[in-house]
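Examination of the molecular architecture
The chain contents come next:
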Protein chains: 2
Amino acid sequence: MSKKNLAILLRARMRSSNHSAKSSLSQFTKEIPSNPQDNQSGDHILRNSSNFGTNGRVYDVVRETMHSAISATKTGGSDITLNDFEEGYFSLSLEDRGKLLLALAKEYDVNREQVRELIKQYLGLETPSSDDYAELHSSPKKEASSSVFYRVEWSLRHALKPTYETFFERLNTHPGGLQFLSILRADLLLILTKENMPSLRALDSYLKEKLGMWLSPATLELHQITWDDPASLLEKIVAYEAVHPISNLLDLKRRLGIGRRCFGYFHPSIPGEPLIFIEVALMETVAQTIQEVLWDNPPIPENQATCALFYSISSTQPGLAGINLGKFLIKRVITLVKKEMPHVSTFATLSPIPGYMQWLLSKLSSQSRFAEEEREGGTKSNPTSSTFSEKVLLPEEEQALMSLSDDSSSGSNGMEVLLNLLSAKNCDWATSPRILPVLEPILMRLCARYLLQEKKRGKALDSVANFHLQNGAMVERINWMADRSEKGIHQSGGIMVNYVYRLENIEDFAQSYFGSGQIHASPGIHSRL
Amino acid sequence: MSKKNLAILLRARMRSSNHSAKSSLSQFTKEIPSNPQDNQSGDHILRNSSNFGTNGRVYDVVRETMHSAISATKTGGSDITLNDFEEGYFSLSLEDRGKLLLALAKEYDVNREQVRELIKQYLGLETPSSDDYAELHSSPKKEASSSVFYRVEWSLRHALKPTYETFFERLNTHPGGLQFLSILRADLLLILTKENMPSLRALDSYLKEKLGMWLSPATLELHQITWDDPASLLEKIVAYEAVHPISNLLDLKRRLGIGRRCFGYFHPSIPGEPLIFIEVALMETVAQTIQEVLWDNPPIPENQATCALFYSISSTQPGLAGINLGKFLIKRVITLVKKEMPHVSTFATLSPIPGYMQWLLSKLSSQSRFAEEEREGGTKSNPTSSTFSEKVLLPEEEQALMSLSDDSSSGSNGMEVLLNLLSAKNCDWATSPRILPVLEPILMRLCARYLLQEKKRGKALDSVANFHLQNGAMVERINWMADRSEKGIHQSGGIMVNYVYRLENIEDFAQSYFGSGQIHASPGIHSRL
């Protein structure tokens, strides 16, 4: 074992980097995903890896530890080796982590010789009959031959698993290993944004699939987070709240106090770390603006509440991106709240529309370019642009926008005016009493279109919309100037949306959304289209 | 949906069977595995299934529900359908359950046409280079081709999964579904003892693998069971205790009281149901007999304890047979106890040796037959028997046994005498002051041999020995007349064994046992061989 070597090297390294390997864990989780630009190695993180210089020896030791951990006898994997590996991994630079992950992807991949050998055997065997009853009356010889078939098929299925699966599985059962794997995947995702290599992508798909299985809703526990919880947990809620940042302890206390609820999903092997959490406000009616929720002080007495409003859902682990942890969260929270307070009959959200402005700006920019080309080219216009060009604005909207064009903004057509207004850095439009009334009907109509009609692979383009629709919600109402924060204006023109969960429809709506991508919406929203 | 039909049929059926579908769940879990003989359909449970008579319509509806549950769109599986299925399943006779499971195994098996198609594609593709760095400098064309390769490999891996995997996964995330799957597997195991069909065996292997994954130690929570726990949990401890039956509430209270501990592994989605539990006695020295543990009343003050004795480990779910749930249990319990009571320095078990007598009787019976043949055949003895014949007894043991032969037992050689003594129904030998001293050294020596030398596939033949050895224990001591209960005498001639866990050796011992099957034992045990 290289434990001693590793310890010496790590100690040397630690002195130079001036923080312990342990501390880099938490540091890493937070820093890397949010500030990928901070990394000095820049875009070509792996291509320069031959000049790794002074870290080479540490890298070699960590890699050797990885090898020991993978090749240890089947079930008796040593916790010490895995601890060494984790510690060593955290001492590596992102560049060296990338190198290590590439080695993992390449050298501990599928044993393809074995696969080819088994395929040869497999193709030579007779497929067992698929008739239910044939087998009951089959001869012992037939039975033996189908036994062989099933065994070879089993072997082939297992041979197609990469060797690194063992490593992942061993880490999963190792104390702290599941969280380590989530950090490792966060690194992997970051590295993939720079070096999109097929083998690393395959490693990521595999790890994602495994994590999704290990974190299935069946293994997650719903826990109500209250002011009585340990500070170490509460500080995480403050740190992770992604939708409406928590400004101070008083703010947090309010969100856990009377008229409010907070629930988190926890995994038994990641104690004290909520993987996703949801904040609920108990209200008399479905709130239209986030200000009502965040600054509604004091809240109404709980026995007067008829509505539970989900106003914030945050997932906390960048390494679990793409894994749907919230799948059963809302349903379980609804059941819990309903049990505690039977008088609550409406379950709704007040949700951001994170992709709206981005979609609108890119639509306006491409369409106003097409319009420009058409105008310049006259009749012999570019056939490509006319194929893709569409009427984004109604005639009266075009007119209203052009009327603004004189002073505060300019543009040769309505779309250009709108584009210029919306992309101006200081977001003046949102505070101008002259511009705001003109933009309101336009942004509201386009927002309804964005939510109900813009899709990607048959599902709602907006990620939050997709989340709630697949959970069985419907689009109930969009609210003008519901989030006046800078982020709110920037992301969605200040518009927020209420999704509503109706207990009697949740199953059906979820199924029809999955089946055909059907988005259920209230008549009020439909009338805006 | 066939919900209405099902409800009508079930109601009709319920009236005739006179208990509700819900109740058959708990009833089934307990009855079937212990009393397989009660089943009237007898040995040929599936072969007669064409005459299923009046249950045919219920069966058809349940099967249709199973089909709906499997073919529902990928992620939007309906909880209602799954509930219907579970309810319907419980209303079926074991015979019909067998038919249904066979249909599941056959009709929702691997899509082999798709597999063959993908294999064809796979074999036509170029395998990506396994060199770490080749990919970094590879051409875009090469990169695209290895992307295709990984994609096809991924598809092939997934195509080799049977369709019923979706069903199992959906049930796993369905509330109560994991426990349902464990009951389903208990049925499957029972059916396999009667109809060992390859497709059903394949279904079982797959389900076992899945359950093993879902119940990985990472998802299990260790909970100390105390007198403050709900009665609904405590009654399960009474019902499930498999090693030393709990006779009454007072007995249970003692096992949870001062000087005693009880810990269970729980899964978040099977609340209130311990999957495996372990009972611990805090003692001054390692107990030699189970009577000391069970009837040591009052126990010593806890601060005088230096030894934590694991005297009973019971797994509770017959459907989880073969899944090693106890893997990390002992290690975690040791850590917990050590933390609470640092003065406890010895962690040992007082364990049964469940396979000892069975092994010994079959050994004596075959060997005394060989001896008989040899004696009769003289020099021209059967070559087969002499190949397998071995000296089970030492000359002095032979002599001592023959001296008993006169009155209380008979036999033409020592082995026969021993065999006759041990297999006598009333176990007189165990209470005879004349026979006991003669048998003691013989049974103790053979027991040491059984524990240390008798193996199956390179692992200890005795299941309990194998369990502790793979957890990193060593064989410390065997104890004469340590369990005088009928079961104890019958299973192991009353002998019990102390396995000892030494913290500093657990890892190494577990690894060397896994790697080479090495069994660590104290000098005391070795000297008995």
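Source: prediction; values computed, not measured.

1. Focus: the relation of the copies chain A and chain B
Of the transformation placing chain A onto chain B, the axial shift is 0.1 Å and the rotation is 180°, giving an RMSD of 0.1 Å. Taken together, the turn and the small shift mark the pair as related by a two-fold rotation axis.

2. Considerations on the interface of chain A and chain B
Interfaces are frequently sized by the accessible area removed from exposure as the parts join. Between chain A and chain B, the residue contacts involve 77 residues of the former and 78 residues of the latter. Roughly 6600 Å² is buried in total at the junction of chain A and chain B, and carbon and sulfur atoms are behind 55% of that figure. Across the chain A-chain B interface, the total number found is 4 salt bridges. A salt bridge links R112 of chain A to E153 of chain B; the nearest nitrogen and oxygen atoms lie 2.7 Å apart. Across the contact surface, chain A and chain B share 12 residue pairs in polar contact (both at pLDDT 80 or more). If you list the elements that add at least two residues to the side of chain A that touches chain B, you get α4 (79–91), α5 (94–107), α6 (112–123), α7 (140–159), α8 (164–173), α10 (198–214) and α22 (506–516) of chain A. Ranked by residue count, the leading element in the side of chain A that touches chain B is α7 of chain A, at 10 residues. Considering only residue class, the side of chain A that touches chain B consists of 29 nonpolar, 23 polar and 25 charged.

3. Topic: the sheet that holds strand β1 (residues 221–224) of chain B
Residue and element names in this part refer to chain B. What the 7 strands build is an open sheet, ordered β1-β2-β3-β4-β5-β9-β8; its pairing is mixed. Every other strand in the sheet has two partners, leaving β1 and β8 (474–479) as the edge strands with one partner each. Averaged over all adjacent pairs, the angle separating strand axes in this sheet is 30°, with direction ignored. Pairing between β8 and strand β9 (residues 496–501): 5 bridges, direction antiparallel. Directly across from R477, in β9, lies its bridge partner N498. Packed on one face of the sheet, helix α12 (residues 249–256) meets β2 (260–266), β3 (276–283) and β4 (307–315) and runs near 90° to β2. Most of the contacts of helix α14 (residues 329–340) go to β2, to which it runs at about 135°, and overall it touches β1, β2, β3, β4, β5 (346–349) and β9.

4. A few points about the packing of α7 of chain A against helix α10 (residues 198–214) of chain B
Where α7 of chain A contacts α10 of chain B, the two axes come as close as 9 Å, and the packing angle between them is 25°. The pairing of α7 of chain A with α10 of chain B is recorded here as roughly parallel in orientation. The handedness of the crossing between α7 of chain A and α10 of chain B comes out as right-handed. Between α7 of chain A, through E143, S146, S147, Y150, W154, R157 and H158 of chain A, and α10 of chain B, the contact on the second element is made entirely by P198, S199, R201, A202, Y206 and E209 of chain B. Of the residues in the contact of α7 of chain A with α10 of chain B, the class split is 5 nonpolar, 4 polar and 4 charged.

5. Examining the sheet that holds strand β1 (residues 221–224) of chain A
Residue and element names in this part refer to chain A. With respect to topology, 7 strands assemble into an open sheet ordered β1-β2-β3-β4-β5-β9-β8, the strand pairing being mixed. Either end of the sheet is taken by a strand with one partner, and the two such strands are β1 and β8 (474–479). Taking each pair of neighbouring strands and ignoring which way they run, the sheet shows an average axis angle of 30°. Pairing between strand β3 (residues 276–283) and strand β4 (residues 307–315): 8 bridges, direction antiparallel. What sits directly across from I276, in β4, is S315.

6. Description of the packing of helix α3 (residues 56–71) of chain B against helix α5 (residues 94–107) of chain B
Residues and elements named next belong to chain B. Axis separation between α3 and α5 bottoms out at 11 Å; the angle between their running directions is 35°. Between α3 and α5 lies a crossing whose hand is right-handed. On the side of α3, the interface is formed by Y59, V62, R63, M66 and I70, while α5 contributes D96, K99, L100, A103, L104 and E107. When its residues are assigned to classes, the contact of α3 with α5 shows 7 nonpolar, no polar and 4 charged.

7. Observations concerning α5 of chain A
With 14 residues, α5 of chain A extends 20 Å between its outermost C-alpha atoms, agreeing within 8% with the 20 Å of an ideal straight helix rising 1.5 Å per residue. In terms of residue burial, α5 of chain A counts as a mostly covered element, since 13 of its 14 residues are buried.

8. Some points on the UniProt feature "domain: Malonyl-CoA decarboxylase N-terminal" (unreviewed entry) in chain A
As annotated in UniProt, the feature "domain: Malonyl-CoA decarboxylase N-terminal" (unreviewed entry) corresponds to residues 147–214 of chain A in the numbering used here. What you have in residues 147–214 of chain A is 85% helix and 0% strand, and the ends, taken at the C-alpha atoms, are 31 Å apart.

9. Considerations on unusual backbone geometry
If you check the backbone angles, C427 of chain A has positive phi at about 55° while not being a glycine. When you line up the elements, C427 of chain A lands in the loop between α18 (414–423) and α19 (436–453). For C427 of chain A, a relative accessible area of 17% translates into the label buried. At M481 of chain B, a residue that is not glycine, the phi angle is positive and equals roughly 50°. Within the fold, M481 of chain B resides in the loop between β8 and α21 (486–492). M481 of chain B gets classed as buried once you look at its relative accessible area, which sits at 4%.

10. Thoughts on empty space enclosed by the protein
Under the counting rule described, the total for this entry stands at 5 cavities of 30 Å³ or more. One number sums up the size of the largest cavity: a volume of about 240 Å³. Forming the boundary of the largest cavity are 16 residues, of which K161, K210 and M213 of chain A together with K161 and K210 of chain B lie nearest the centre. When contributions to the lining of the largest cavity are tallied by element, the ones reaching two or more residues are α10 of chain A together with α7 (140–159), α8 (164–173) and α10 of chain B. Residues belonging to the lining of the largest cavity are distributed by class as follows: 4 nonpolar, 1 polar and 11 charged.

11. Quick notes on the pattern of salt bridges
Throughout the structure, instances matching the rule amount to 48 salt bridges over all chains. Across the pair R157 of chain A and E153 of chain A runs a salt bridge whose closest N-O atoms are separated by 4.0 Å. Separated by 4 residues within a single helix, R157 of chain A and E153 of chain A lie in helix α7, roughly one turn from each other. An identical accessibility class is assigned to R157 of chain A and E153 of chain A; each is buried. Notably, a salt bridge pairs D251 of chain B with R255 of chain B, separated by 3.3 Å at the nearest N-O pair. In this pair, D251 of chain B and R255 of chain B both sit in helix α12, 4 residues apart, roughly one turn of the helix. Both residues of the pair, D251 of chain B and R255 of chain B, count as buried. Several salt bridges share partner residues, and in doing so they unite K161, E165, E169 and K210 of chain A together with E209 of chain B into one network.

Cut-off values and rules
- Residues numbered from 1 in each chain as written.
- Chains lettered and ligands numbered in written order.
- Predicted model: local features only at pLDDT ≥ 70, side-chain atom pairs only at ≥ 80, totals over all residues.
- Heavy atoms only, no water.
- Least-squares fit on C-alpha atoms with pLDDT ≥ 70 in both.
- Contact = heavy atoms within 4.5 Å.
- Buried area = accessible area lost by both parts, 1.4 Å probe.
- Salt bridge = Lys/Arg side-chain N within 4 Å of Asp/Glu carboxyl O.
- Polar contact = N/O pair within 3.5 Å; in protein donor to acceptor, adjacent residues only side chain to side chain.
- Helix = DSSP H or I, 4+ residues; strand = E, 2+ residues; numbered from the N terminus.
- Nonpolar A, V, L, I, M, F, W, Y, C, P; charged D, E, K, R; others polar.
- Pairing = 2+ DSSP bridges.
- Axes fitted to C-alpha atoms, helices over the stretch in contact; angles between N-to-C directions.
- Parallel < 35°, antiparallel > 145°, perpendicular 65-115°, else oblique.
- Left-handed = near helix turned anticlockwise from the far one by under 90°.
- Expected span 1.5 Å × (residues − 1).
- Buried < 20%, exposed > 50% of the residue type's maximum accessible area, 1.4 Å probe, protein only.
- UniProt positions renumbered as here; feature names shortened; annotations may be inferred.
- 1 Å grid on protein atoms, 1.4 Å probe; cavity = no way out; pocket = protein on both sides within 12 Å on 5 of 7 lines; lining within 4 Å.
- Points joined across faces, edges and corners; volume = space filled by probe spheres on them.

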